[in-house]
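Listed below are the residues making up each chain.
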Amino acid sequence: IHRNPDLAREHYLSYVGEAEDEVGKSIQIATMTATLPAFPNDNSMSRDYYERLMSWLSSTGQVSEETNSADVAKYWTNEIAW
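To keep things clear, this report deals only with the structure shown in the data block.

Calculation notes
- Residues numbered from 1 in each chain as written.
- Predicted model: local features only at pLDDT ≥ 70, side-chain atom pairs only at ≥ 80, totals over all residues.
- Heavy atoms only, no water.
- Core = buried A, V, L, I, M, F, W, Y, C linked by side-chain atoms within 4.5 Å.
- Buried < 20%, exposed > 50% of the residue type's maximum accessible area, 1.4 Å probe, protein only.
- Contact = heavy atoms within 4.5 Å.
- Salt bridge = Lys/Arg side-chain N within 4 Å of Asp/Glu carboxyl O.
- Helix = DSSP H or I, 4+ residues; strand = E, 2+ residues; numbered from the N terminus.
- Phe/Tyr/Trp six-rings, centres within 6.5 Å; stacked < 30°, edge-to-face > 60°.
- Axes fitted to C-alpha atoms, helices over the stretch in contact; angles between N-to-C directions.
- Parallel < 35°, antiparallel > 145°, perpendicular 65-115°, else oblique.
- Left-handed = near helix turned anticlockwise from the far one by under 90°.
- Expected span 1.5 Å × (residues − 1).
- Arc of directions from axis to C-beta.

## Some details on the nonpolar core
Counting six residues, the largest nonpolar core consists of Tyr50, Leu53, Met54, Leu57, Val72 and Trp76. In this structure Leu57 touches Gln62 and Val63, once residues within four positions along its chain are discounted.

## Let's talk about the pattern of salt bridges
It is possible for side chains of opposite charge to pair when their charged atoms get near one another. Overall, the coordinates contain four salt bridges when judged by the stated rule. Here Asp71 and Arg47 are joined by a salt bridge, their closest N and O atoms 2.4 Å apart. Residue Asp71 is found in the segment after α4 (65-68), and its partner Arg47 is found in helix α3 (residues 47-59); the two are separated by 24 residues along the sequence. Judged by relative accessible area, which is 30%, Asp71 ranks as partly exposed. Judged by its relative accessible area of 44%, Arg47 is partly exposed.

## Details of the packing of aromatic side chains
Scanning the model with the defined rule gives one aromatic pair in all. For the ring pair Tyr49 and Tyr50, a centre distance of 4.9 Å and an interplane angle of 90 degrees mean the geometry is edge-to-face. Taking relative accessible area as the criterion, Tyr49 reaches 33% and is therefore assigned partly exposed. Its relative accessible area of 3% is what places Tyr50 among the buried residues.

## Quick word on the packing of helix α1 (residues 5-16) against helix α2 (residues 22-35)
At a minimum axis distance of 11 Å, the contact between α1 and α2 shows a crossing angle of 130 degrees. In terms of axis orientation, α1 runs oblique to α2. Regarding α1 and α2, the two cross each other, and that crossing is right-handed. Here α1 contributes Ala8, Arg9, Tyr12, Leu13 and Val16 to the contact with α2, which in turn contributes Gln28, Thr31, Met32 and Thr33.

## A look at α2
An α-helix turns once every 3.6 residues. As a result, residues three or four positions apart point the same way. Here α2 spans 20 Å end to end across 14 residues, near enough to the 20 Å set by a 1.5 Å rise per residue. When we look at burial in α2, the residues that qualify are Gly24, Gln28 and Met32. With its buried residues spanning 70 degrees around the axis, α2 presents them on a single face. The outward face of α2, more than 90 degrees from its buried face, is lined by the exposed residues Glu22, Val23, Ile27, Ile29 and Ala34. As for α2, its buried residues are in contact with α1.

So, in C-alpha cells, the structure goes:
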C-alpha cells in the first residue's frame, strides 16, 4: 500500500466503484488520502496484532461481529505484494 498507493487506490475503486459525481470523487480521494497512511508497512506482523486490531475494529463498530470472527490469516496477507 505504501510502496504503490496508486495500485491500492485502483483496487479500492474497483471494489467500491468510482463515484459518478465530483463530490463523491473528492470524498473517495480524501478517504484514501487519510486512510492509506494508517495501514502497516509489514503484513507479516504477528497474528496477535491482527487479532487485536480486528477486535478493536469490531468493538468500535467499524466492522461487524461476523467479520471479527473470521480467521485473520485469510485476509491480512502480503498477497498483493507478490
